[in-house]
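Structural overview
Single-letter residue listing:
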Amino acid sequence: GQQLNQSPQSMFIQEGEDVSMNCTSSSIFNTWLWYKQDPGEGPVLLIALYKAGELTSNGRLTAQFGITRKDSFLNISASIPSDVGIYFCAGREKTSYDKVIFGPGTSLSVIP
Amino acid sequence: DGGITQSPKYLFRKEGQNVTLSCEQNLNHDAMYWYRQDPGQGLRLIYYSQIVNDFQKGDIAEGYSVSREKKESFPLTVTSAQKNPTAFYLCASSIGGGRNTEAFFGQGTRLTVV
């Protein structure tokens, strides 16, 4: 099936630093979603993007829907210890409205 | 409160036994999904359902079965044919109906087969 590529695979940063991660696909997507998962819990939706070029913020988080519709990025500004977790991108292909597929995740560690 | 409920949180079963994981939602969502997550891995789609009495295989459906008799419920059965069933299972739902909307997750069920 369709695979999403997510990078980097893991990150270790100092508290207060900004973070950037991205996600790419080989096909056009109509929706991009960014989730955060804490250990042993279900993913929690952070930001949803529905239009090419769309830039959306949620507090210190900002995500963009790439113009080509094949990529998206997530930025976290001024990281804090509670930002630790796994961040997943997910999306829907143009041809499959109701099938949500996920990237492999970016593991974020924040050093106080 | 509206949401998705998975039960139980932890489940232990002997090898060779079938086991059914529960997923209930009161969000009035049409679409529901089951994902499997292995340690340090992403989410892999097992089955999804766009509407009651209809469901589709995902990428790793072998050894699993589902039913969608009610809009609110999408139980997953892990059968003895699943070679490596120990994993974290996540259920999700979305409005569906061909509309691009976000999926919301339950808290997950950790299945351990011994």
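Throughout what follows, the structure given in this document is the object of discussion.

1. Some remarks on the pattern of salt bridges
On inspection of all chains with the given rule, the structure shows six salt bridges over all chains. Here A:Asp38 ties to A:Lys36 by a salt bridge, and the two come within 3.5 Å at their closest N and O atoms. Judged by its relative accessible area of 14%, A:Lys36 falls in the buried class. B:Lys9 is the partner of A:Glu41 in a salt bridge, and the nearest nitrogen-oxygen pair spans 3.9 Å. Residue A:Glu41 is found in the loop between strand S4 (29-37) and strand S5 (44-49), and its partner B:Lys9 is found in the loop between strand S1 (4-7) and strand S2 (10-13); the two belong to separate chains. Overall, A:Glu41 belongs to the partly exposed group, its relative accessible area being 29%. B:Lys9 gets classed as partly exposed once you look at its relative accessible area, which sits at 27%.

2. Some remarks on the sheet that holds strand S3 (residues 19-25) of chain A
All names here are of chain A. The antiparallel open sheet is built from five strands, whose spatial order is S1-S3-S8-S7-S6. Every interior strand has two partners, whereas the edge strands, strand S1 (4-7) and strand S6 (55-58), have only one. Going from strand to strand, the sheet's axes swing by 15 degrees on average, the running direction of each strand aside.

3. With respect to unusual backbone geometry
The general pattern is negative phi for most residues beyond glycine and trans for most peptide bonds. Residue A:Ser7 is joined to A:Pro8 through a cis peptide bond whose omega torsion reads -5 degrees. If you trace the backbone, A:Pro8 turns up in the loop between S1 and strand S2 (10-14). Cis geometry marks the peptide bond from B:Ser7 to B:Pro8; its omega dihedral reads -10 degrees. On the secondary structure map, B:Pro8 appears in the loop between S1 and S2. Of note, B:Asn28 is a non-glycine position whose phi angle comes to about 60 degrees, a positive value. Structurally, B:Asn28 is set in the loop between strand S3 (19-25) and strand S4 (31-37). Residue classification places B:Asn28 among the exposed residues on the basis of a relative accessible area of 57%. Of note in the backbone geometry, B:Asn53 takes a positive phi value of approximately 65 degrees without being a glycine. The exposure class of B:Asn53 is exposed, given its relative accessible area of 64%.

About the thresholds
Residues numbered from 1 in each chain as written. Chains lettered and ligands numbered in written order. Predicted model: local features only at pLDDT ≥ 70, side-chain atom pairs only at ≥ 80, totals over all residues. Heavy atoms only, no water. Salt bridge = Lys/Arg side-chain N within 4 Å of Asp/Glu carboxyl O. Buried < 20%, exposed > 50% of the residue type's maximum accessible area, 1.4 Å probe, protein only. Helix = DSSP H or I, 4+ residues; strand = E, 2+ residues; numbered from the N terminus. Pairing = 2+ DSSP bridges. Axes fitted to C-alpha atoms, helices over the stretch in contact; angles between N-to-C directions.

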